[in-house]
Amino acid sequence: EKIPSKEIEIKGIEYDFNSANLRESSKVELNKLIEFLTLNDDLSIEIRSHTDARGSDSYNLTLSEARAKSVVDYLIEFGIDANKLAPKGYGESKPAEVQLPDGSMVVLTKEYIATMKTKKEKEEFHQRNRRTAFKVLSQEK
């Protein structure tokens, strides 16, 4: 199966607010990525981490870089070649896009999140923005 050229979100990789530490549940999901990268050891990938929009742009960029590095460090710890991994933090510059129940797509900007009626809904969307994804940079053949 052809590997997509677009960003692929790693579902279940979550961070607490203001933290770059991986949750235990995130490690379970990263183990699946380790398996994928072991089977596809000819791939070089960029690990892309994002934050929610709370905090300054510069702080969020630094935090997202730390999050990407924590993922790369975990992958290296379990045998993935460091030369095939490039951590990249995007801060809050690329909010998640989600499909609403009516089928429409929406970008989770801070302005959109502010329109949510409950604190629970707002936090759920902030969590969606605190995500990690990967993108294939190259494939050796």
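Whatever comes next refers back to the structure up there.
In this convention, every chain numbers its residues from 1, walking through the sequence in written order. This being a predicted model, a pLDDT of at least 70 is required before a residue's local features are given, and a value of 80 or more before pairs of side-chain atoms are given or counted; all residues contribute to the totals for chains, interfaces and linings. Side-chain numbers here rest on the full set of heavy atoms in the structure, without hydrogens or water.

### Concerning the environment of Lys141
Numbering of helices and strands runs from the N terminus; a helix is a DSSP stretch of H or I covering at least four residues, while a strand is a stretch of E covering at least two. Inspection of the secondary structure assignment puts Lys141 in the segment after β6 (132-139). Among the residues examined, Lys141 registers a relative accessible area of 88% and is labelled exposed. Taking the C-alpha atoms as reference points, Lys141 and Asp42, separated by 99 residues in sequence, lie 7.1 Å from one another. Only protein chains enter the accessibility calculation, which uses a 1.4 Å probe; a residue whose area is less than 20% of its type maximum is buried, one above 50% is exposed, and one in between is partly exposed.

### Digging into the sheet that holds strand β3 (residues 85-89)
The strand order β1-β6-β2-β3 describes an open sheet built from four strands, whose pairing is mixed. Whereas interior strands pair on both sides, the edge strands pair on one side only; in this sheet they are β1 (8-9) and β3. Two elements, strand β2 (residues 43-49) and β6, share seven bridges in a ladder whose sense is antiparallel. Bridge pairing in β6 links Ser44 to Ser138. Contacts are assigned to residue pairs that have any heavy atoms within 4.5 Å of one another. Where helices are involved, their axes are fitted lines through C-alpha atoms of the stretch in contact, as for all axes, and angles between N-to-C directions lie from 0 to 180°. Running over the sheet, helix α1 (residues 24-39) touches β2, β3 and β6 and is turned about 155° from β2. Any two strands are treated as partners once DSSP identifies two or more bridges connecting them.

### So, the packing of aromatic side chains
Geometrically, a pair of aromatic rings is defined through the distance of the ring centres and the angle of the planes. Between rings of Phe, Tyr and Trp, where Trp is taken as its six-membered ring, a pair exists when centres lie within 6.5 Å; planes separated by under 30 degrees are stacked, by over 60 edge-to-face, and by other angles tilted. Applying the stated criterion across every chain yields a total of three aromatic pairs. Relative to Phe134, the ring of Phe36 lies with its centre 6.0 Å away and its plane at 45°, an arrangement referred to as tilted. Placement of Phe36 in helix α1 and of Phe134 in strand β6 is noted, with a sequence separation of 98 residues between them. The class for Phe36 is partly exposed, based on a relative accessible area of 27%.

It is worth stressing that arrangement in space is one thing and function is another; only the former is reported here.
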